[in-house]
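# Notes for the structure review
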Amino acid sequence: MSDTSPPESTRQLAAELIEKRYSRGLRSLLLMLLVGLPVVMLLSLAQQSNPVQLLLAGVALVLTGLGYLLLQRGHYQWTSHVLVFSLIGLSSAGMLAYGSPRSALLLGFVGAVIAAGMTQGKRELVVAVTVSALALGLLCWAEVSGLLATPDFKVNLRFWAVNVLLLIGIAVSVYTSRQVVLRALREQHAELRRREAAEDRLRISEDRFSRIFRSSPAAIIVQALEDMTVLDVNPAFERMYGYSREEFIGGTDRLLWRDTEERKAFQRHMAAAGRAINLPLQAQAKDGRRLHVLLSTEIEGMGQGRIVVSTITDVTVETEARQAARQSAELFSKAFDSSPIDMAITRVSDGTYIAVNAIEERLNGYTAAELLGRTSVEVSVWRDEAERQKFLDSLRTHGRVESMETQMRHKNGSLIDCRMWAVIVEIGGEPCVLSSAVSISDQKRREAQLIDMAKGLSAETGDAFFRSVVQHLGKAIAADLVIVGETTANHSVSSLAMVQDGVLQPNITYSLTGTPCDSVVSASDMCVYGEGLQELFPQDQILIDGGFHAYLGVALRDQDGSPIGIVNACWRKPQAASSDRDALAQIFGSRISAELVRLRRDREILRLNETLEQRVNERTDQLRATNAELESFGYSVSHDLQSPLRSIEGFSVLLARRLKGRLSEEEERLFDRVRMNVVRMHELINDLLALARASKGKLVLEQVDLSAMAEQVVAQLRQRDPQRRVQVSIQGGVSTLCDSKFARIILENLLGNAWKYSRDKADATIDFGALPGREGGRKMLFVRDNGAGFDMAYAGSLFKPFHRLHHENEFEGSGIGLATVHRILERHGGTIRGESAEGAGACFYFSFDPQFGFAG
C-alpha cells in the first residue's frame, strides 16, 4: 500500500515544469516590449507629447529590461511579479496623465491580469485582479469628481502604437497560454496513455508474479513490515512446513523458528540492513521436523503499506549430506591417523606422497616427514619397477587391489614381506591411491616353520621318522642340539635320533640323574631354561661339552600318562621366552609321542606274532575236530531217529487197521494226532539233515541260470497245489557263479515261503529278479510276495534255527528253512536280509560272494 498525497518533491517538480513552459512566452513578451517601447518613446518625442507620457514610457522600458535580466538569471517569479505590477502601475499612471480611465491603457490592466493568471498562482491572480479593480475604481471616482486633467481624445500615431503594443502583448500572452495548455493537454494525454500502458504492464507483472509466486519451487512468505503479520504463503511453503495457507495467514512466523533467539537476531539484522541474502537458519515444520533453510528477504513498497517478501530454500538434504560428508571425513581422518596399519595417500599421476598416517614404525623405515612431497620412486620403496608396474596395472584394471603379496624395500635396503590393499579415491578432483600395508614377515616365517613341521611330521615311520623329525624340529626352532629318546628301566634314556648343528649323530644312552631331562620326565608340562643351564646342572657332561646354555624339554607319555620318552632341544646362546617356539615343540612332541607309542605297540605285536601262528593252528585243529564231531553227531542223531519213527508210524497204522470200527471218535482223533506228529517229526529230521548238509561238503562253483531254476521250483509248487491261482513274475537271464544244489535249496525255501505265506490272498503275487544297482559291491537278488508279512521288530530272529514269527496253526513249518538259506549264503560269502510289514508282504534280498559276478 502507498500514500495518496503526492510528496513535496513531486509538487516542486511539477511547478518547475510549469515555470519552464511559461518562461518561453514571458521571454517573448519582454522582448516584444523591449522593441516596442523605444518606438513609442520616439513617436512621443516626434509629436512632442506630454513629458509625463514620455517619462512613463522610459520607466516601462527600464522595468522591462529589469524583468528580462531577472528572467535570464532564472528568477521566474520575480520577473512575473515585476511584469504584472509594472503593467498595473504604468497603466494607472498613464490614465492619470491622460486624465481618464477611458483610454487604451485599460488594456494594460487586462494584460496584467492575463500575465498573473499565466505566470502566478491563484493567490497572486486574486491580488492582481483586486489591485486592478481598486486602481480603476479610484481613477473612475477621480474623473467623476473632476480631480483629473481634461483628457485629450485626439488620435495620433503614438496612440496607435501604444494600443498595438498592448494588443500584441495580450495576443502573445493568450497565445503562450494556449500553447502551454495544449502542450499540457498533449503531455497529459501521453501521460495517460503511459499510465494505461504501465497499468497493463503492472497487471501482466502482477499476473506473472502471482503465477511465479504460486508455482515457485521455493517457499515464499509475504508479511506486513509493521507487525510481521503473515499476508500470504505459496504452495511450496505449505509443502515445506506442513501448514495450510488458511491456518497460517493472519498469524506470525513465530511457529517457523526453532530458536527464538535466532528469530530475534534475524529481526535485528533486517532492521539494520533492510535485506538478507541466503541467510542460513534452522526452521521447524509443523510435524516437528528440523529444517535447514536459506532465507532471502527484501522489504518492498513505500509508506505505511510496506511488506516483507521472504524466499525460503530447503537445503536440509544438502546440509545433512555436508554434515554426513564432514563426519565421514572426520571419521576417515581419525581412522587414518590413528590406524596402527601403515597407510598412505599418493597421486596416481606421479606417485607423490600427499598424506601419511602417523605410526611408530613404518614398514619401509621412513618417517612421515621423509615421505611427504616425494614419490615412491624417489624413496625406492618398491622391490623393482616390474613390481610397481604390476601394482599399477591391477589398480587401473580393477580400480582396487585386494590382499596383494609383495616385497617392499626398507630404508636400510632390506626387503620386507608385506600384504597390500589399495583403492582409487578422488581428492580435490585428482585421482589418488589410498593404500595400506601390513608386514607378513612373521607369517612367512611361521609358514616356513609349519612347512618344516609338516615335512618332519609326515615322514616315514620308525627310524626314518625319528631321523627326519629331529632335523626339521631343529630347523623350525633354530636349536643347536635336538635329541629324541626313549626311557629305559634303569632311569636312563636311549636316543632314537640326534642332530647337532644340523648333522645327524650316532645314538647314545645317558642317565637322567643330574640332567634337566629328569625334571622334564617328572613334570606334567614342558620344561624350559632360557639361560644359566650349566650352573643349574653342572654334572650333565653333554651340556658342559657342547657349551649349551638354554634348554627345552617335552616329555613323551603313553596313553595312561606314564613317561615313555623325551624330546630335548639345546642352544648355545640364551633364549628369550617364545610362545610360538613352545607351541611348535609341543606339536612335534605330540606327534613323536604317538609314533613312539606306535613303535612300542609294534614291538609288542611282533613279539605276539612269534607265537600267534602256532596258537592259530592249534585252535584251527580244535575247531575242525569239534565241527566234525558236531556234524557226525547231528547226522547220527537225525539218521538214528528215523528207525524209531518208522516203527511208531508202522505200529500206529497197523493198530488203527485192527481197531477199525471199534474206536470212539475221541480215540480216532488221538490216533490222527499221533500220525500227524510223526509226519512233523520226519519233516524236522529232514530239515536238520538239510541244515547239516549245508554246513558240510565242498562247494562246486559253476555258472547257474537262476531264472530257469526258479521256473522249475514254481512249476513244482503249482503241481503240489493246482487249485492256487498265483501271479508269478520271474526276471529272465539272472545267473551267478555258485553251487547249483545249494542254490536250488535257497530258491525252494524262499519261493516256497512266498507261496505259503500268500495263500490267504486272492490276488497273490510273487516276484523274483535282480536289483539294477549294487550294495556294498554286491549284486542283490530278491524274492518278493504280497502275503502275510511279519513285524520288523523280530527281524533279528529270522535266520535262527527253530525261530518262527507265525503260529503253527496259521502256517506250518519247522523254522529251519531260513537258517539253512543263511548258512548256505555264508558259505558262499554272501548275505541276506528281510524287509516287511505285517499284512503287506515280505521281500528277501540276498547275494552270493561279491567276487562272483552276474550275467544279466
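Above this text you will find the structure in question.
Residues numbered from 1 in each chain as written. Predicted model: local features only at pLDDT ≥ 70, side-chain atom pairs only at ≥ 80, totals over all residues. Heavy atoms only, no water.

### Focus on the overall build of the chain
Heads up, the condition is: Every helix listed is a DSSP run of H or I at least four residues long, and every strand listed is a run of E at least two residues long, numbered separately from the N terminus. Summary of the burial criterion: residues with accessible area below 20% of their type's maximum are buried, those above 50% are exposed, and those between are partly exposed, where the area comes from a 1.4 Å probe applied to protein chains only. Note on contacts: a residue pair is in contact if any heavy atoms of the two residues lie within 4.5 Å. Computed by Shrake-Rupley with a 1.4 Å probe, the accessible areas treat only the displayed protein chains as cover when residues are assessed.
Scanning the chain from terminus to terminus reveals 24 helices and 25 strands. Residues counted as buried form 39% of the 856 residues belonging to the chain. Sequence separation of 24 or more characterises 56% of the internal contacts of the chain that already satisfy a separation of 6 or more. For the chain, the accessible area works out to roughly 48700 Å², and carbon and sulfur atoms hold 56% of it.

### Considerations on the nonpolar core
We count it as follows: Among buried residues, those of type Ala, Val, Leu, Ile, Met, Phe, Trp, Tyr and Cys that are joined through side-chain atoms within 4.5 Å constitute a nonpolar core.
Core analysis: the largest hydrophobic core is formed by 38 residues, its most contacted members being L706, L747, L751, F768, F844, F846 and F848. Of all the secondary structure elements, the ones that give two or more residues to this core are α22 (706-720), β19 (727-730), α23 (740-757), β21 (765-775), β22 (778-785), α24 (817-828) and β24 (842-847). With eight residues, α23 is the largest single contributor of residues to this core. By size, the runner-up hydrophobic cluster in this structure holds 29 residues, among which are I477, V554, A569 and L599.

### Description of the pairing of strand β5 (residues 307-314)
The test is simple: Only strands that DSSP links by at least two bridges are regarded as paired with each other.
Taken together, the six bridges between strand β1 (residues 219-224) and β5 define a ladder with antiparallel strand orientation. In the strand pairing of β5, I220 is matched with T311. In terms of strand pairing, strand β4 (residues 290-300) meets β5 through eight bridges, oriented antiparallel. Each residue of the ladder has a partner; that of I299, found in β5, is V308.

### Some points on empty space enclosed by the protein
Any empty space left between the atoms is revealed when a probe the size of a water molecule rolls over them. This is how the line gets drawn: A 1.4 Å probe that fits into a set of points on a 1 Å grid over the protein atoms alone but cannot get out defines a cavity; an open set with protein on both sides within 12 Å along at least five of seven lines defines a pocket, and lining residues are those with an atom within 4 Å of a point. Grid points are joined across faces, edges and corners, and a volume is the space filled by probe spheres set on the points. Charged means Asp, Glu, Lys or Arg here, nonpolar means Ala, Val, Leu, Ile, Met, Phe, Trp, Tyr, Cys or Pro, and polar covers whatever is left, Gly included.
The full count for this structure, using the stated rule, is three cavities of 30 Å³ or more. Volume-wise, the largest cavity comes out at about 150 Å³. Lining the largest cavity are 15 residues, with Y241, L256, W257, L295 and I312 positioned closest to its centre. Put simply, the parts of the chain that give the lining of the largest cavity at least two residues each are β1, β3 (275-284), β4 and β5. Per-class residue counts for the lining of the largest cavity are 10 nonpolar, four polar and one charged. Put simply, the second largest cavity is a space of about 90 Å³. Looking at the second largest cavity, the residues that line it are L481, I483, Y510, T515, P516, C517, D540, I542, L543, Y551, N568 and C570. Classifying every residue of the lining of the second largest cavity gives nine nonpolar, two polar and one charged.

### Observations concerning the packing of aromatic side chains
Under the convention used in this document: When the centres of two rings from Phe, Tyr and Trp lie within 6.5 Å, Trp using its six-membered ring, the rings pair. Their planes under 30 degrees apart give stacked, over 60 give edge-to-face, and anything left gives tilted.
All chains considered together, the criterion is met by six aromatic pairs. Arranged with centres 5.3 Å apart and planes meeting at 70°, the rings of F465 and F466 form a pair that is edge-to-face. Accessibility classification places F465 together with F466 in one group, the buried group. Between F790 and F844 the ring centres are 6.2 Å apart and the planes differ by 35°, which places this aromatic pair in the tilted class. Remark: F844 occurs in strand β24 and F790 occurs in the loop between β22 and α24; sequence separation between them is 54 residues.

### Let's talk about the packing of α23 against α24
Let me state the cut-off plainly: Under this scheme, a helix contributes an axis fitted over its contacting stretch, all axes are lines through C-alpha atoms, and angles between N-to-C directions fall in the 0 to 180 degree range. Left-handed describes a crossing in which the near helix is turned anticlockwise from the far one by less than a right angle; the clockwise case is right-handed.
The geometry of α23 relative to α24 is characterised by a closest axis approach of 9 Å and an angle of 145° between their N-to-C directions. Pair α23 / α24 crosses with left-handed handedness. Each of F742, I745, I746, N749, L750 and N753 in α23 lies in contact with α24, whose residues at this interface are G817, L818, T820, V821, I824, L825, R827 and H828. Grouping the amino acids of the contact of α23 with α24 by side-chain chemistry returns eight nonpolar, five polar and one charged.

### A closer look at the pattern of salt bridges
Defined as follows: Should a side-chain nitrogen of Lys or Arg be within 4 Å of a carboxyl oxygen of Asp or Glu, the pair is scored as a salt bridge.
Inspection of every chain in the model, using the stated rule, returns 33 salt bridges. Across the pair E191 and R195 runs a salt bridge whose closest N-O atoms are separated by 3.5 Å. Here E191 and its partner R195 are both found in helix α6 (residues 157-215), four residues apart, which amounts to about one turn of the helix. For E595, the salt bridge identified is with R598, shortest N-O distance 2.6 Å. One end of the pair, E595, and the other, R598, are both in helix α19 (residues 579-640), three residues apart, so they sit about a helical turn from each other.

### Things to note about the state of the cysteines
Put simply, the test is: Whenever a pair of cysteine sulfur atoms sits within 2.5 Å, that pair is classed as a disulfide.
Evaluation of the coordinates by the stated rule reveals zero disulfides. A disulfide-free cysteine, C570 has its sulfur positioned 7.4 Å from the sulfur of C517, the nearest such atom.

### Details of the sheet that holds strand β10 (residues 430-439)
The antiparallel open sheet is built from five strands, whose spatial order is β7-β6-β10-β9-β8. Among the strands making up the open sheet, the edge pair consists of β7 (353-356) and β8 (400-409). Strand-to-strand, the axes of this sheet are offset by a mean angle of 30°, without reference to chain direction. Here strand β9 (residues 415-427) pairs with β10 via 10 bridges, running antiparallel. In the strand pairing of β10, I424 is matched with V433. Each of β6 (342-347), β7 and β10 is contacted by helix α10 (residues 316-338), which is oriented at about 120° to β6, the strand it contacts most. Packed onto the sheet, helix α13 (residues 385-398) meets β8, β9 and β10 and runs at close to 170° relative to β8.

### Quick notes on unusual backbone geometry
Although it is not a glycine, N278 adopts a positive phi angle of roughly 50°. At S380, a position not held by glycine, the phi torsion is positive, near 55°. By the element assignment, S380 lies in the loop between α12 (376-379) and α13.

### Quick notes on the environment of V482
Note that V482 resides in strand β11 (residues 481-487). Accessibility expressed as a relative area gives 0% for V482, which makes it buried. Between the C-alpha atoms of V482 and G553, which are 71 residues apart in sequence, the distance is 9.6 Å. Not counting residues up to four positions away in its chain, the partners in contact with V482 are V470, L473, G474, A497, M498, V499, N568 and A569.

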